[in-house]
Amino acid sequence: MDTIFLHGMTAQTLIGVYQWERQQRQTLLLDLDIGTDFRQAAHSDNIDDTIHYAKVVENLREALAEEEFLLLEALAEYIAQFILTRFGALWVRVKVIKPGILAGVKEVGVLIERSRLAV
């Protein structure tokens, strides 16, 4: 299995369970590992034969800017399904980090893995 990775991506969305969190969009850090098969792209040397990672970033940022979530778990699932369905990934690992949300804690977040084969 081949992997495209986007680590340290930033995106803004409305997230949080507390009212003070829901006053404005927050910047989150995302680490995305996207499973695909590079063989066709390696043979053709054509961007259309792979997952165009710049489009993943652009489309995901646009989508998240329009959405709102209470839980990081719901956000991570949304991202996973977005990548699996919109870009045809075989599997995806999504790490969502909400920096600076708890005093004395550098990072709070969730990590999930999903595949198109899973029920």
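Scroll up to find the structure this text is about.
Residues numbered from 1 in each chain as written. Predicted model: local features only at pLDDT ≥ 70, side-chain atom pairs only at ≥ 80, totals over all residues. Heavy atoms only, no water.

1. Let's talk about the sheet that holds strand 1 (residues 2-15)
The pairing of strands in a sheet happens through backbone hydrogen bonds and is either parallel or antiparallel. Applied cut-off: In this analysis, strands are considered paired if DSSP registers two or more bridges between them. In this description a helix means any DSSP run of H or I spanning at least four residues, a strand means any run of E spanning at least two, and both kinds are numbered starting from the N terminus. Any pair of residues with heavy atoms lying within 4.5 Å of one another is described as a contacting pair. Axis lines are fitted to C-alpha atoms, over the contacting stretch for helices. Their N-to-C directions set the angle, which ranges from 0 to 180 degrees.
An order of 3-1-2-4-5 is seen for the five strands of this open sheet, with the pairing classed as mixed. On the outer flanks of this sheet lie strand 3 (68-69) and strand 5 (107-115), each paired with one strand and no other. Of the pairings in the sheet, the one linking strand 1 to strand 2 (residues 26-36) comprises 11 bridges and is antiparallel in character. The partner of Met9 across the bridge, within strand 2, is Leu30. Strands in contact with helix 2 (residues 53-66) are strand 1, strand 2 and strand 3; relative to strand 1, the strand with the most contacts, it is inclined by about 20°.

2. Considerations on helix 2
Rules: Helices are assigned an expected span. That span is 1.5 Å times one less than the residue count. Type-normalised accessible area, obtained with a 1.4 Å probe on protein chains alone, sets the label of each residue: buried when under 20%, exposed when over 50%, and partly exposed for intermediate values.
Over its 14 residues, helix 2 runs 20 Å from end to end, which matches the ideal 20 Å to within 8%, given 1.5 Å per residue. Along helix 2, the residues that are buried comprise Val56, Val57, Asn59, Leu60, Ala63 and Leu64. Residues of helix 2 that are buried make contact with strand 1, strand 2, strand 3 and helix 3 (72-87).

3. Focus: the layout of surface pockets
For clarity, the threshold we go by: Here a cavity denotes a set of grid points, spaced 1 Å apart and computed over the protein atoms alone, in which a 1.4 Å probe fits but from which it cannot get out, and a pocket denotes an open set meeting protein on both sides within 12 Å along at least five of seven lines; residues with an atom within 4 Å of a point are reported as lining. Grid points are joined across faces, edges and corners, and a volume is the space filled by probe spheres set on the points. The classification used treats Ala, Val, Leu, Ile, Met, Phe, Trp, Tyr, Cys and Pro as nonpolar, Asp, Glu, Lys and Arg as charged, and all other residues, Gly among them, as polar.
When its volume is computed, the largest pocket comes out at roughly 210 Å³. In terms of lining residues, the largest pocket is bounded by 13 residues, among which Tyr18, Glu21, Lys98, Ile101 and Val108 are the most central. Residues belonging to the lining of the largest pocket are distributed by class as follows: nine nonpolar, one polar and three charged.

4. Looking at the packing of aromatic side chains
To keep things clear, this is the line we draw: Note on ring pairs: Phe, Tyr and Trp rings are taken, using the six-membered ring of Trp, and paired if centres are within 6.5 Å. Classes follow the plane angle, with under 30 degrees stacked, over 60 edge-to-face and the rest tilted.
Under the defined criterion, the tally for this structure stands at four aromatic pairs. Arranged with centres 6.1 Å apart and planes meeting at 5°, the rings of Tyr18 and Trp20 form a pair that is stacked. For the pair Tyr18 and Trp20, a shared accessibility class is recorded, and that class is exposed. Between the aromatic rings of Phe82 and Phe87, the centroid separation amounts to 6.3 Å while the plane-to-plane angle is 55°, which identifies the pairing as tilted. Look at Phe82 and you get buried, because its relative accessible area is 7%. By relative accessible area, which is 18% here, Phe87 ends up buried. Aromatic ring contacts, followed pair by pair, group Phe69, Tyr78, Phe82 and Phe87 into a single cluster.

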